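Fold and contact review
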Amino acid sequence: WIKINANYTEINASAQEHNGDSILHYFRGMVQLRKKHKALVYGRYALYNEQDPFIYAYSRSNEEEVLFILLNFSARGRRYRLPDTINIQQVPLMNNLPYVRLSGRSVLLYPYQALIFACSPFLQGKAVEQQEEEFPKEEEAEYSTVEAIN
């Protein structure tokens, strides 16, 4: 039989049930999002930025909605410039971190960040003009580090 891990008193379903930031609550939120937004399940899939080995960017769309998903598979922060035909809402529908950073047409992804945005319908090829914000090099360096979690 498999022995119980020594940290079972801290890491268990009961502890996660009472923590709104737990993996259990995140997973439940993802299940609810999938139920509410049928485009995530049945929508058309369009891949963006397929040459980048660190950022997986794609959309799922149907007749009712367009969702844009950004996943950073890197231990470093990454800047992603949105395609001109995608117009995301400022607040993501789902975020695995408690913060998001937008700068004009760019999303500043923290290490291992996963974001799902609702979008305005495709803009028929019209570019969306927004001002890019400049960040000092030291702020970029701070943003691209992984913080230790106790």
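Residues numbered from 1 in each chain as written. Predicted model: local features only at pLDDT ≥ 70, side-chain atom pairs only at ≥ 80, totals over all residues. Heavy atoms only, no water.

We now examine the overall build of the protein chain. Helix and strand counts for the protein chain stand at four helices and eight strands. Along the protein chain, helices and strands appear, N-terminal first, in the series α-α-α-β-β-β-β-β-β-β-β-α. Looking at the 150 residues of the protein chain, the share that counts as buried comes to 36%. Restricting the contact set of the protein chain to residue pairs at least 6 apart, pairs at least 24 apart contribute 56%. Carbon together with sulfur atoms contributes 54% to the accessible area of the protein chain, which is approximately 10400 Å² in total. (Helix = DSSP H or I, 4+ residues; strand = E, 2+ residues; numbered from the N terminus. Buried < 20%, exposed > 50% of the residue type's maximum accessible area, 1.4 Å probe, protein only. Contact = heavy atoms within 4.5 Å. Areas by Shrake-Rupley, 256 points an atom, 1.4 Å probe, with all protein chains shown as cover.)

Our next topic: the packing of aromatic side chains. The geometry of an aromatic ring pair is captured by two quantities: the separation of the ring centres and the angle between the planes. Considering all chains together, one arrives at five aromatic pairs under this definition. With a centroid separation of 5.4 Å and 40° between ring planes, the pair formed by Tyr45 and Tyr58 is classed as tilted. With Tyr45 in strand β1 (residues 44-48) and Tyr58 in strand β2 (residues 55-61), this residue pair connects regions lying 13 residues apart in the sequence. Relative to Tyr58, the ring of Tyr56 lies with its centre 4.8 Å away and its plane at 35°, an arrangement referred to as tilted. With a relative accessible area of 31%, Tyr56 lands in the partly exposed category. You can call Tyr58 buried: its relative accessible area is 16%. Cluster of aromatic residues (ring-pair linked, three or more members): Tyr45, Tyr56 and Tyr58. It is Arg78 that lies over the ring of Phe54; its NZ or CZ is 4.0 Å from the centre. (Phe/Tyr/Trp six-rings, centres within 6.5 Å; stacked < 30°, edge-to-face > 60°. Lys NZ or Arg CZ within 6 Å of the ring centre and 35° of its normal.)

This brings us to the nonpolar core. With 16 residues, the main nonpolar core has Phe68, Leu70, Tyr80, Ile88 and Val107 as its most contacted residues. Formed by 11 residues, the second largest nonpolar core is a distinct cluster that contains Leu40, Ile69, Ala114 and Ile116. (Core = buried A, V, L, I, M, F, W, Y, C linked by side-chain atoms within 4.5 Å.)

This brings us to the pairing of strand β7 (residues 106-109). For a regular strand, side chains alternate in direction, first toward one face of the sheet and then toward the other. Burial along β7 is two-sided: the residues Ser106 and Leu108 and Val107 and Leu109 are all buried. Counting the residues that bridge the hairpin from strand β6 (residues 101-103) to β7 gives two residues, and of these Gly104 lies at a positive phi of roughly 60°. (Pairing = 2+ DSSP bridges.)

Before going further, it helps to spend a moment on the confidence of the model for the protein chain. Mean pLDDT over the protein chain stands at 82; residues scoring 70 or higher make up 80%. Scored below 50 in pLDDT, residues 122-150 shows 52 contacts in the model against residues more than four places distant or in partner chains. (pLDDT = per-residue confidence, 0-100.)

Spatially, β4-β7-β6 is the arrangement adopted by the three strands of the open sheet, whose pairing is antiparallel. Since the sheet does not close on itself, it has two edges, and those belong to β4 (78-81) and β6, each with one partner. With direction set aside, neighbouring strand axes in the sheet form an average angle of 25°. Strand direction decides the pairing type here: β6 and β7, joined by three bridges, are antiparallel. Of the residues in β7, the one forming a bridge with Ser103 is Ser106. (Axes fitted to C-alpha atoms, helices over the stretch in contact; angles between N-to-C directions.)

Read across the sheet, five strands follow the order β1-β2-β3-β8-β5 without closing on themselves; strand pairing throughout is antiparallel. Each edge of the sheet is formed by a strand with only one pairing partner; in this case those strands are β1 and β5 (94-95). Pairing geometry for β2 and strand β3 (residues 66-72), over seven bridges, is antiparallel. Its bridge partner lying in β3, Arg60 is registered against Leu67.

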